[in-house]
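Descriptive structure summary
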Amino acid sequence: MRRLTPLDPAAAPGRSRELLEDIVARRGGAGEMVSTMAHSPALLQGYLDLSRAMRRGKLPRAVSEKVSLALQERIGCGLCLDAHAQGARAVGLSEDDIALARRGASTEARETALIALALRVLAEPSALTDEDVAGLRGHGWSDRVIAEIPGLVALNLLTGSFNLLAGLRPDS
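Predicted, not measured: the structure shown is a model, and the values here were computed from it.

1. Structural notes on the overall build of the chain
- Check the secondary structure of the chain and you find nine helices and zero strands.
- Ordered by position from the N terminus, the helices and strands of the chain form the series α-α-α-α-α-α-α-α-α.
- In terms of overall size, the chain behaves like a compact globule, its C-alpha atoms giving a radius of gyration of 17 Å where 172 residues would be expected to give roughly 16 Å.
- C-alpha atoms of the chain, sized along the principal axes, occupy 50 × 30 × 30 Å.
- Scored against the burial criterion, the 172 residues of the chain give a buried share of 40%.
- In the chain, of all internal contacts separated by at least 6 residues, the share reaching a separation of at least 24 is 70%.
- Here the chain displays about 8800 Å² of accessible surface, and carbon together with sulfur accounts for 54% of that area.

2. Here's the deal with helix H6 (residues 95-102)
- For H6, the full list of buried residues reads Asp-97, Ile-98 and Ala-101. Seen end-on, H6 carries its buried residues on one side only, within an arc spanning 100 degrees.
- Contacts from the buried residues of H6 go to helix H4 (61-75) and helix H5 (78-90).
- Looking one or two residues past H6, Gly-104 carries a phi angle of roughly 85 degrees, positive in sign.

3. As for the packing of helix H1 (residues 14-27) against helix H3 (residues 41-55)
- Direction vectors running N to C along H1 and H3 enclose 40 degrees, while the axes themselves pass 8 Å from each other. Comparing the axis directions of H1 and H3 gives the class oblique. The crossing of H1 and H3 is left-handed. Residue-level contacts link Arg-15, Ser-16, Leu-19, Leu-20, Ile-23, Arg-26 and Arg-27 of H1 to Pro-41, Leu-44, Gln-45, Leu-48, Arg-52 and Arg-55 of H3.
- Partitioned by chemical class, the residues of the contact of H1 with H3 number six nonpolar, two polar and five charged.

4. A closer look at the side chain of Ser-64
- Counting through the fold element by element, Ser-64 comes out in helix H4.
- Its relative accessible area of 17% is what places Ser-64 among the buried residues.
- Beyond its immediate sequence surroundings of up to four residues, Ser-64 is in contact with Leu-59 and Leu-152.

5. Structural notes on the pattern of salt bridges
- Overall, the coordinates contain twelve salt bridges when judged by the stated rule.
- A salt bridge links Arg-2 to Glu-32; the shortest N-O distance between them is 2.1 Å. Of this pair, Arg-2 sits in the segment before H1 while Glu-32 sits in helix H2 (residues 32-37), and the two are 30 residues apart along the sequence.
- Assessed through its relative accessible area of 22%, Glu-32 is described here as partly exposed.

6. Points about the packing of aromatic side chains
- Tallied over the entire structure, the rule returns zero aromatic pairs.
- Across from the ring centre of Trp-141, 3.8 Å away, lies the NZ or CZ of Arg-110, which sits over that ring.

The rules behind the values
Residues numbered from 1 in each chain as written. Predicted model: local features only at pLDDT ≥ 70, side-chain atom pairs only at ≥ 80, totals over all residues. Heavy atoms only, no water. Helix = DSSP H or I, 4+ residues; strand = E, 2+ residues; numbered from the N terminus. Rg over C-alpha atoms; globule rule 2.2 N^0.38 Å. Buried < 20%, exposed > 50% of the residue type's maximum accessible area, 1.4 Å probe, protein only. Contact = heavy atoms within 4.5 Å. Areas by Shrake-Rupley, 256 points an atom, 1.4 Å probe, with all protein chains shown as cover. Arc of directions from axis to C-beta. Axes fitted to C-alpha atoms, helices over the stretch in contact; angles between N-to-C directions. Parallel < 35°, antiparallel > 145°, perpendicular 65-115°, else oblique. Left-handed = near helix turned anticlockwise from the far one by under 90°. Nonpolar A, V, L, I, M, F, W, Y, C, P; charged D, E, K, R; others polar. Salt bridge = Lys/Arg side-chain N within 4 Å of Asp/Glu carboxyl O. Phe/Tyr/Trp six-rings, centres within 6.5 Å; stacked < 30°, edge-to-face > 60°. Lys NZ or Arg CZ within 6 Å of the ring centre and 35° of its normal.

Written as structure tokens, this is what we have:
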């Protein structure tokens, strides 16, 4: 059941109206989640800024989608799972790759290690150790990529929890 309703740009408050109008002008539409986030100009601006920043990160898009699938499986957002599965397919991942990622794994050990760290950042960040970081470095991940993981986790937690709170589901 939808708990919050999407807003048309004309009905959105202040800065949200401007942001939605810009998105609609560039893309032809804003999408249900973004239009619903428009209830809070601060949230919408924060989401858009973080999303843009993470797209400029060093993590390859296919790996980012795998991490996001694992995170959203834990968070429980069906809308996000669908979106990330579509994104994964768009970058050439197979259905087997998607299924593995949802279980927190990959056919590549280095990717599995990165996914595992992201899941720990989500679930138990206070338990992270020097060995966790050293292990990722041992798999060839740069400090830049390692540093981006909390940002990717935060973005997924933001979108997943927002959609769940708002009652946005794949069939809505």
